[in-house]
Amino acid sequence: MSAVGGLLTRIDDALEGCEIASASALALADLGPQAPLALVVGVRGGPNRLLLPCDGRLVAQPLTELCDPFGLARAIAAADLDGDGIEEIWIANGDPARPEAARADRLFDPSPGGFRDRLAEAPLGAGPGAPSSTALLALDRSGSGLHGFLLAAPGRPIRLIESGEAGEPVDRAAEAGLDELIEARVIAQGPAPGSGLELFAGAGTGPSAWFAPAGPARFADRAETLGLLVPDLGAVDAAFLDADGTGAVGLFCLRRRGAHLLWVRDQAGLLHEVAPPGLARPSPATALLVADLDNDGFEEILIANAAAPNRLLGFRERGWRPLDPGDAMEPASQPTALAAADLDGCGRLELVIARASGRGGGLALYRVEENEHAWIRIAPRSPRGAPARGALVRLWAGGRQQWRIVGGSRGNGEPVAHFGLGACERVERVDIRWPDGSVRRLVDLEARQTITVPHPRAAAAAPGR
């Protein structure tokens, strides 16, 4: 049981049969109608694991193809690369401490017989050989539904791997204006002013980058213009979020040294650091999660710390206030990654913590106790029927606006926009903007349901339309 007043309670029985001694990365993937949601767990040195929700439990799948006994599993992302409506899984195996000895990344493509590694089958059509990355992001820059994977690695320019004309993986970072030499430890996406997405590449050492839209399917680094002038950021993790409870877009960045940072724009479009002391307080941070865990209509921020208590903050009384994380405090563990998803279909998000070590092994699952708060989940699909990662969903209910990026800021989250609604049982309006600029509006919706929304082009082509 959690401590008195603690928000999160550990769910021990949900992981029976999923013993993992150590875990290094997490991602949620949609693997098609037979397995619409899968939790992919990266394990340094293997075996990587694939867990499927079943009757309130996570069930490990016996898939030897994912083992990757030599990989480091620094990060994982999922997206539909080839347009078949089913997501592929990219596992980043780079080592920032030893780039010369890093192992190659893996790109696992679901097939009727299991998974095949696309990068082992076909060499890249451009770029400096096999990728070995430490940070990645799923990105649909053209809005076609064909996602790419944006990769960063020490000593190499950023790469964008997309599907070529014959289905082969090719590097199109230069074409997209993204091929800059950034020692990025995290890549995050968020809504750009006006329309489109902007990208943050937070560096461990050296300059960071802030890529803004610069024409169709192109970006340009605007970090200096925006005032992002931290020369040696020491970034650990980052996420775009509602900075002040009114829908204002901010970027929160964890650092391995110095205060954590929260940037928001002023009326002139320049970035300003506004983190209150409770949020900025330095800590041995390793991972970040932003999600509405208790469905009250306001997001929480969980900061995972190495061998120190994890910190939970919530937007309360018009500011970010410390909350008691309960069992998820984990004061002595070594957390490596965080994820949140509705794994049992109850309308509440479960929190997953991956750990290099800790009581009970490398994986822990937590949940907020049942409450009366309402919720709604919006699942936009791409023109090809896969999750529309990168779509922006805005919601109006109870006199407030909320927004979410499908797949989260790093594209490795649950491919659904989850909104807590507090006491609101109806939603006035939902606006969905796909990466290609298509927009659809839903009005007067009942709470406590998941709504799958096809892309407007796919809906227009459906029989009977």
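One structure accompanies this document, and this report is about it. These numbers come from a predicted model, not from an experiment. (Residues numbered from 1 in each chain as written. Predicted model: local features only at pLDDT ≥ 70, side-chain atom pairs only at ≥ 80, totals over all residues. Heavy atoms only, no water.)

1. Here's the deal with the pairing of strand β23 (residues 300–305)
With six of six residues buried, β23 is to be regarded as a mostly interior element. Of the two faces of β23, the one holding Glu300, Leu302 and Ala304 and the one holding Ile301, Ile303 and Asn305 are both buried throughout. Pairing of strand β22 (residues 285–291) with β23, which is carried by six bridges, proceeds in the antiparallel orientation. Following the sheet pairing, Ala287 is matched in β23 by Ala304. Pairing analysis gives four bridges linking β23 to strand β24 (residues 311–316), with the strands arranged antiparallel. (Buried < 20%, exposed > 50% of the residue type's maximum accessible area, 1.4 Å probe, protein only. Helix = DSSP H or I, 4+ residues; strand = E, 2+ residues; numbered from the N terminus. Pairing = 2+ DSSP bridges.)

2. Considerations on the sheet that holds strand β35 (residues 450–453)
With mixed pairing, the three strands of this open sheet are ordered in space as β32-β29-β35. The two strands at the open ends of the sheet, each matched to only one other strand, are β32 (417–422) and β35. Neighbour-to-neighbour, the strand axes of this sheet turn through a mean angle of 20°, independent of strand direction. Pairing of strand β29 (residues 374–380) with β35 involves four bridges; the strand directions are parallel. Bridging across to β35, Arg377 finds its partner in Thr450. (Axes fitted to C-alpha atoms, helices over the stretch in contact; angles between N-to-C directions.)

3. Some details on the environment of Ala77
Along the polypeptide, Ala77 turns up in strand β6 (residues 75–79). When its relative accessible area of 0% is taken as the criterion, Ala77 is described as buried. With 334 residues separating them in the primary sequence, Ala77 and Gly411 have C-alpha atoms 6.4 Å apart. Dropping the residues within four chain positions of it, Ala77 is found in contact with Ala27, Glu88, Ile89, Trp90, Leu136, Ala138, Phe149 and Asn412. (Contact = heavy atoms within 4.5 Å.)

4. Things to note about the environment of Pro191
With respect to the element layout, Pro191 can be found in strand β14 (residues 184–191). For Pro191, the residues in contact, after removing those within four places along its chain, are Gly196, Leu197, Glu198, Val249, Leu392, Arg394, Trp403 and Ile405.

5. Examining the sheet that holds β14
Sheet strands line up and pair through hydrogen bonds in the backbone, either parallel or antiparallel. Reading across from one edge, β14-β15-β16-β17 is the order of the four strands in this open sheet, with antiparallel pairing throughout. Strands at the two margins of the open sheet, each flanked by one partner only, are β14 and β17 (219–221). This sheet shows a mean twist of 20° between the axes of neighbouring strands, independent of strand direction. As paired strands, β14 and strand β15 (residues 197–203) are joined by seven bridges and run antiparallel to one another. Each residue of the ladder has a partner; that of Ile187, found in β15, is Ala201.

6. Here we look at the environment of Leu228
Inspection of the secondary structure assignment puts Leu228 in the loop between α3 (223–226) and β18 (235–242). Leu228 sits in the buried class, given a relative accessible area of 8%. Expressed as a C-alpha distance, the spacing of Leu228 and Trp263, which sit 35 residues apart in the sequence, is 9.0 Å. Here Leu228 is in contact with Phe200, Ser208, Trp210, Ala223, Trp263 and Leu271, once residues within four sequence places are set aside.

7. What to know about a positive patch on the surface
A grouping of Arg44, Arg74, Arg185 and Arg256 is seen on the molecular surface, where their side chains present a positively charged patch. Residue placement: Arg185 occurs in strand β14. On the basis of relative accessibility, which here comes to 32%, the residue Arg185 falls in the partly exposed class. (Patch = residues over 30% accessible without salt bridge, like charges linked within 9 Å, V, L, I, M, F, W, Y side chains within 5 Å. Areas by Shrake-Rupley, 256 points an atom, 1.4 Å probe, with all protein chains shown as cover. Salt bridge = Lys/Arg side-chain N within 4 Å of Asp/Glu carboxyl O. Lys, Arg positive; Asp, Glu negative; His and termini not counted. Charge placed at Lys NZ, Arg CZ, Asp CG, Glu CD.)

8. What about the pattern of salt bridges?
Inspection of every chain in the model, using the stated rule, returns 30 salt bridges. For the salt bridge of Arg106 with Asp117, the shortest nitrogen-to-oxygen distance reads 2.5 Å. Of the two residues, Arg106 sits in strand β8 (residues 106–111) while Asp117 sits in strand β9 (residues 114–117), which places them 11 residues apart along the sequence. The exposure classification of Arg106 matches that of Asp117, with both residues buried. The salt bridge involving Glu300 is made with Arg316; its shortest N-O contact spans 3.1 Å. In this pair, Glu300 sits in strand β23 while Arg316 sits in strand β24, placing the two residues 16 residues apart along the sequence. When salt bridges with common partners are traced through the structure, they connect Asp82, Asp109, Arg116, Arg118 and Glu121 into a single cluster.

9. Let's talk about the pairing of strand β5 (residues 57–60)
Within a regular strand, the side chains alternate between the two sheet faces. Here four bridges tie strand β4 (residues 49–54) to β5, and the two strands are oriented antiparallel to one another. Across the sheet, Pro53 pairs through a bridge with Leu58, a residue of β5. Between β4 and the antiparallel strand that follows it, β5, lie two residues; Asp55 among them carries a positive phi value of about 55°.

10. Looking at the nonpolar core
Of all hydrophobic cores here, the largest spans 22 residues; its most connected members are Leu26, Val41 and Leu363. Of all elements in the fold, only β2 (25–29), β3 (38–42), β26 (334–341), β27 (350–357) and β28 (363–368) reach the threshold of two or more residues within this core. Ranked by residue count, the leading element in this core is β26, at three residues. In contact with Leu363, other than residues within four places in its own chain, are Arg10, Leu15, Ile20, Leu26, Val41, Leu51, Val352, Ile353, Ala354 and Arg355. Grouped together as the second largest cluster of nonpolar side chains are 21 residues, Ala374, Ala388, Ala397 and Val453 included. (Core = buried A, V, L, I, M, F, W, Y, C linked by side-chain atoms within 4.5 Å.)

11. A closer look at the packing of aromatic side chains
Evaluation of the coordinates by the stated rule reveals six aromatic pairs. Both rings, one in Trp210 and one in Phe240, keep their centres 5.7 Å apart while their planes meet at 80°; by these two values the pair is edge-to-face. Taken together, the residues Trp210 in strand β16 (residues 209–213) and Phe240 in strand β18 connect sequence positions 30 residues apart. Through a chain of ring-to-ring contacts, the aromatic side chains of Phe200, Trp210, Phe240 and Trp263 assemble into a single cluster. (Phe/Tyr/Trp six-rings, centres within 6.5 Å; stacked < 30°, edge-to-face > 60°.)

12. Focus on unusual backbone geometry
Backbone geometry places Ala307, a non-glycine residue, at a positive phi of 55°. Topologically, Ala307 is positioned in the loop between β23 and β24. Despite not being glycine, Arg448 shows a phi value in the positive range, around 65°. Relative to the assigned elements, Arg448 resides in the loop between β34 (439–446) and β35. Given a relative accessible area of 36%, Arg448 falls into the partly exposed group.

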